[in-house]
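Chain and residue survey
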Amino acid sequence: MSTIVPAVAKAIEDIRCTFESCDVEVQEDGSGGALLVVRDVPMGYPYVQPEVWFGFQITFQYPYADVYPHFTNADLARSDGGSLGSGFGTASFQGQPAIQISRRSNRLNPERDTAALKLLKVIAWMRSQS
């Protein structure tokens, strides 16, 4: 039986605190990491959806490995009817259709770049795509 390593457990707690109004689902990945789905994340403009979910994996190498990629609603759509643009692609997450959001951290600093901060940056980037 695998258990989540302490650094990943702390990252999960940080995400629960940062996104306290959201439902955070956690599933062990069998290697000391975890798969997470953060539901009911406020989104809105420039997207049709007022709320979305985000799925991602925090591997056992965390915090020395980037939390990448992130996934969201397969039906994500812009309110202006335009395409999602670069950085988005069709994919699946845990066997379900999803949109993959590709935002790699090129200069990862394990002392500063937390999983919660990475999700906040992904959300901010998505909102800036107007």
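Here, the structure is the one placed above.
Residues numbered from 1 in each chain as written. Predicted model: local features only at pLDDT ≥ 70, side-chain atom pairs only at ≥ 80, totals over all residues. Heavy atoms only, no water.

**Quick word on the overall build of the protein**
When helices and strands are tallied, the protein shows two helices and six strands. Taken over C-alpha atoms, the radius of gyration comes to 14 Å for the protein, in line with the 14 Å a tight globule of 130 residues would show. Looking at the protein as a whole, 40% of its 130 residues are labelled buried. Here the analysis covers contacts within the protein between residues at least 6 apart in sequence; of these, 55% occur between residues at least 24 apart. With an accessible surface of roughly 7,000 Å², the protein has 49% of that area assigned to carbon and sulfur atoms. Treating the 11 positive side-chain charges of the protein as one cloud and the 14 negative ones as another, the clouds have centres 9 Å apart. (Helix = DSSP H or I, 4+ residues; strand = E, 2+ residues; numbered from the N terminus. Rg over C-alpha atoms; globule rule 2.2 N^0.38 Å. Buried < 20%, exposed > 50% of the residue type's maximum accessible area, 1.4 Å probe, protein only. Contact = heavy atoms within 4.5 Å. Areas by Shrake-Rupley, 256 points an atom, 1.4 Å probe, with all protein chains shown as cover. Lys, Arg positive; Asp, Glu negative; His and termini not counted. Charge placed at Lys NZ, Arg CZ, Asp CG, Glu CD.)

**Quick look at the nonpolar core**
I15, V38, F54, I58, F88 and M126 are the most contacted members of the largest nonpolar core, which has 31 residues in total. Looking at this core element by element, the count peaks at seven residues for helix α2 (residues 115-127). Other than its neighbours up to four places away in sequence, F88 contacts Y47, L76, I99, Q100, I101, W125 and M126. Judged by nonpolar contacts, the second largest core, of six residues, contains W53, F71, F93 and A98. (Core = buried A, V, L, I, M, F, W, Y, C linked by side-chain atoms within 4.5 Å.)

**Description of the sheet that holds strand β5 (residues 88-93)**
Read from one edge to the other, the open sheet built from six strands follows the order β1-β2-β3-β4-β6-β5, with strand pairing classed as antiparallel. Because the sheet does not close on itself, it has two edges, and the strands there are β1 (23-28) and β5. Sheet twist, expressed as the mean angle between neighbouring strand axes with direction ignored, is 30 degrees. Bridge count for β1 against strand β2 (residues 34-42) is six bridges, and the pairing is antiparallel. (Pairing = 2+ DSSP bridges. Axes fitted to C-alpha atoms, helices over the stretch in contact; angles between N-to-C directions.)

**Section: the packing of aromatic side chains**
Tallying each qualifying case throughout the model produces three aromatic pairs. These aromatic residues form a ring-pair network of at least three members: W53, F71 and F93. Between R104 and the ring centre of Y68, over which it is positioned, the NZ or CZ distance is 3.9 Å. (Phe/Tyr/Trp six-rings, centres within 6.5 Å; stacked < 30°, edge-to-face > 60°. Lys NZ or Arg CZ within 6 Å of the ring centre and 35° of its normal.)

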